[in-house]
Amino acid sequence: MEEVKTNFIYQEIDKDLAQGKNGGKILTRFPPEPNGYLHIGHAKSICLNFGIAKHYKAACNLRFDDTNPTKEEVEYVDSIQEDIRWLGFEWEGEPKYASDYFEQLYQWAVLLIKKGKAYVCELNAEQIAAQKGTPTTPGQDSPFRNRSVEENLDLFERMRKGEFKDGEKILRAKIDMASPNMHMRDPIMYRIIHRHHHRTGDQWCIYPMYDFTHGQSDFIEEITHSICTLEFEVHRPLYNWFLDQILEGESAPEVRPRQIEFARLNLNYTVMSKRKLLELVQKGIVSGWDDPRMPTISGLRRRGYTPESIRMFADRVGVARRDNVIDLALLEYCVREDLNKRAMRVNAVLDPVKVVITNYPEGQVEMMETVNNPEDESMGTRELPFSREIYIERDDFMEEPPKKYFRLGPGREVRLKSAYIIKCEDYKKDADGRVSEIHCSYYPDSRSGADTSGIKVKGTLHWVSAAHAVDAEIRLYDRLFMDEAPDAHKDKDFKDFLNPESLSTLKGCKLEPFLAGVKPLDHFQFQRLGYFSADKDSRPGALVFNKTVGLKDSWARSNK
RNA sequence: UGUCCUGUGGUGUAAUGGUAGCACAGAUGGUUUUGGUCCAUCUAGUCAGGGUUCGAGUCCUUGCGGGACAACCA
């Protein structure tokens, strides 16, 4: 039962299939450049490409677009694979690399030179920019545009041999310097970069540009549908032009890749460009690519998001061609939706205040049975220790509570979840006027599951037994940026909108003893608070939890 | 003052010439030993004008709004 939402890309593929294109074959690809970690925007693309493969019972390749050794690193290659697998997808065969095709690409470049469709140009970057024109004015031909084929061949071969320095020469396609499409104005095919490449080592000192690489790599792999984001739309004529050139005079191939663009994902209160995310990492504004405030896959994972929740999100945002900004609330909804059904309910008190149950026998401990997840009976039950002194949330007591406050206050009664009903008899304050201890009585005949007291209360509180509680550090997160579109302000840097309170670390939190032995990335609902999971920094005796997302809180909302 | 893309509730996304639907967000009520979940109800939309048609969100046209394109990045 694949409930894949339909979108225009599926419709285009269906049309191609109906026309008998590509021999009925479907093959997609996910083509990251290994120059950063994957983020939630990539997750949309991954779910789309792998989702199409799954829907059509076809496959999806993973191909690293590694044509720029100045930016790419093995660390990124590894993290990308880990993230895709974690999301629940498996690519076809071994990971592929554009660098696997360097020799073939070189031969195709030679072919273009021989056809008089490419030339070696000696203009520098500024000169090229200057003669390129603007979107509204045509460019001018390079003085090197009409070199002989022989000279171009010789020069290009010497470029490969390393006879020239970086930037000294480039290979350009000879198309049309007056084209209204800037990308058709004799685009650069190869540039000289004397730099070690993470896979080909020092074998090459010339590297093909994206435009001369991507379409041909798709062709080599027999990708049928090359799906990318909207900014590549203006590249499509060039994508097709290069394919036309290398296919000219050949018999028609079985598969001719087709580029289709869709609108990238934008999230409010978030930046999504790898360049900006890298800056946050490099400047130490966040702790790393996997900082739980980052919109990276690794950040979301550490934050406690599940692969299922991210896939659900990708499914719900849809795929179209118009620009969009998705509300962060939808992402949060998806993770709540998933975790609600799966997360074990436990008790944790983030900001503890002690309650002494004055009529409860000193030294007595009762084990209270409690359900692990009311949404899933199969998750069973467990026992919680109850004793004379417990902790409750400081928020759950008010000296002068308003009428609609259902929690504890002088003379008020509440249910302790899975335990007794208590009544507040008295409380103490410290020198600063802070409530330091609350004294309550309990109703022995109100025990959960065996309540014969007949008392009705409006509120139920979570709690932990003071003597049995384990301490933990809990990290709470708020959005990283205070502005809905931090990178959309012309005169301001996106970092001007950083939220100084995006991380708050709580120490001395009190957890029920069950939590002492949990593993990182196990998901829990801290009853009445939200979803949490143990951080990778967590150690036995020094527990650390991350708040993934809070529960919906209509009380807090109505009090705003 | 170019070329291309794109305009459907607050935010997304369907409707492929035939009843504008779904989700999130928001509001209200019910259930509840989580102020959660769940259930019910409500709010709110085709950018504007003209045209074609029995019938237009959809096709044509003219405007207007938004976006992309001038890296030896991808």
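These numbers come from a predicted model, not from an experiment.

Reading the values: rules and limits
Residues numbered from 1 in each chain as written. Chains lettered and ligands numbered in written order. Predicted model: local features only at pLDDT ≥ 70, side-chain atom pairs only at ≥ 80, totals over all residues. Heavy atoms only, no water. Core = buried A, V, L, I, M, F, W, Y, C linked by side-chain atoms within 4.5 Å. Buried < 20%, exposed > 50% of the residue type's maximum accessible area, 1.4 Å probe, protein only. Helix = DSSP H or I, 4+ residues; strand = E, 2+ residues; numbered from the N terminus. Contact = heavy atoms within 4.5 Å. Salt bridge = Lys/Arg side-chain N within 4 Å of Asp/Glu carboxyl O. Phe/Tyr/Trp six-rings, centres within 6.5 Å; stacked < 30°, edge-to-face > 60°. Pairing = 2+ DSSP bridges. Axes fitted to C-alpha atoms, helices over the stretch in contact; angles between N-to-C directions. Polar contact = N/O pair within 3.5 Å; in protein donor to acceptor, adjacent residues only side chain to side chain.

Caption draft 1: Representation of the nonpolar core in the model. By size, the foremost hydrophobic cluster in this structure holds 39 residues, and its most contacted members are I40, I46, F50, I84, L267 and F313. For this core, the secondary structure elements donating two or more residues are α2 (40-55), β2 (59-64), α3 (74-87), α10 (297-303), α11 (307-317) and α12 (328-342). For this core, the leading source of residues is α2, giving 6 residues. Filtering out sequence-adjacent residues up to four positions away, F50 remains in contact with F30, C60, I84, F89, E90 and W91.

Caption draft 2: Highlighting the pattern of salt bridges. Following the criterion strictly, the structure yields 54 salt bridges and no others. Of the charged contacts in the structure, one is a salt bridge between D154 and R158, with a shortest N-O distance of 3.2 Å. One end of the pair is D154 and the other is R158, both in helix α6 (residues 149-161) and 4 residues apart, which spans about a single turn. Here E231 and R264 are joined by a salt bridge, their closest N and O atoms 2.9 Å apart. Here E231, found in the loop between β8 (225-229) and α8 (236-247), pairs with R264, found in the loop between β9 (258-262) and α9 (274-282); they are 33 residues apart in sequence, far enough to count as distant. One connected set of salt bridges, linked through shared partners, spans D290, R302, E473, R475, K507, D535, K536 and D537.

Caption draft 3: Looking closely at the packing of aromatic side chains. Following the criterion strictly, the structure yields 28 aromatic pairs and no others. Where F212 meets F242, the ring centres are 5.0 Å apart and the plane angle is 80°; that geometry is what we call edge-to-face. With F212 in helix α7 (residues 210-221) and F242 in helix α8, this residue pair connects regions lying 30 residues apart in the sequence. Considered together, F212 and F242 belong to a single accessibility category, that of buried residues. Taking 6.4 Å as the distance between ring centres and 80° as the angle between the ring planes, the aromatic pair formed by F514 and F524 counts as edge-to-face.

Caption draft 4: Representation of the sheet that holds strand β7 (residues 206-208) in the model. As summarised here, the arrangement of the 4 strands in space is β4-β5-β6-β7, forming an open sheet in which the pairing is antiparallel. Edge positions in the sheet fall to β4 (118-121) and β7, since each has one partner strand and no second. Put simply, the sheet's adjacent strands are angled 20° from each other on average, direction ignored. Two strands pair when backbone bridges link them, and β4 and strand β5 (residues 170-173) are joined in this way by 4 bridges, in the antiparallel orientation. Across the sheet, V120 pairs through a bridge with L171, a residue of β5.

Caption draft 5: Highlighting the side chain of D535. Among the structural elements, D535 can be located in the loop between β24 (530-534) and β25 (543-550). Of the polar contacts made by the side chain of D535, one reaches the side chain of N546; its length is 2.6 Å. The contact partners of D535, leaving out residues within four places of it in the chain, are R302, R475, P520, V544, F545 and N546.

Caption draft 6: The arrangement of the sheet that holds strand β21 (residues 470-477) in detail. The strand order across the open sheet built from 7 strands is β10-β23-β24-β25-β21-β22-β11, with neighbouring strands paired in mixed fashion. Each of the sheet's edge strands pairs with one partner strand only, and the pair in question is β10 (344-346) and β11 (348-349). Pairing of β21 with strand β22 (residues 503-511) involves 7 bridges; the strand directions are antiparallel. Bridged to A472 within β22 is C509. The strands touched by α12 are β10, β23 (523-526), β24 and β25; relative to β25, the strand with the most contacts, the crossing angle is about 115°.

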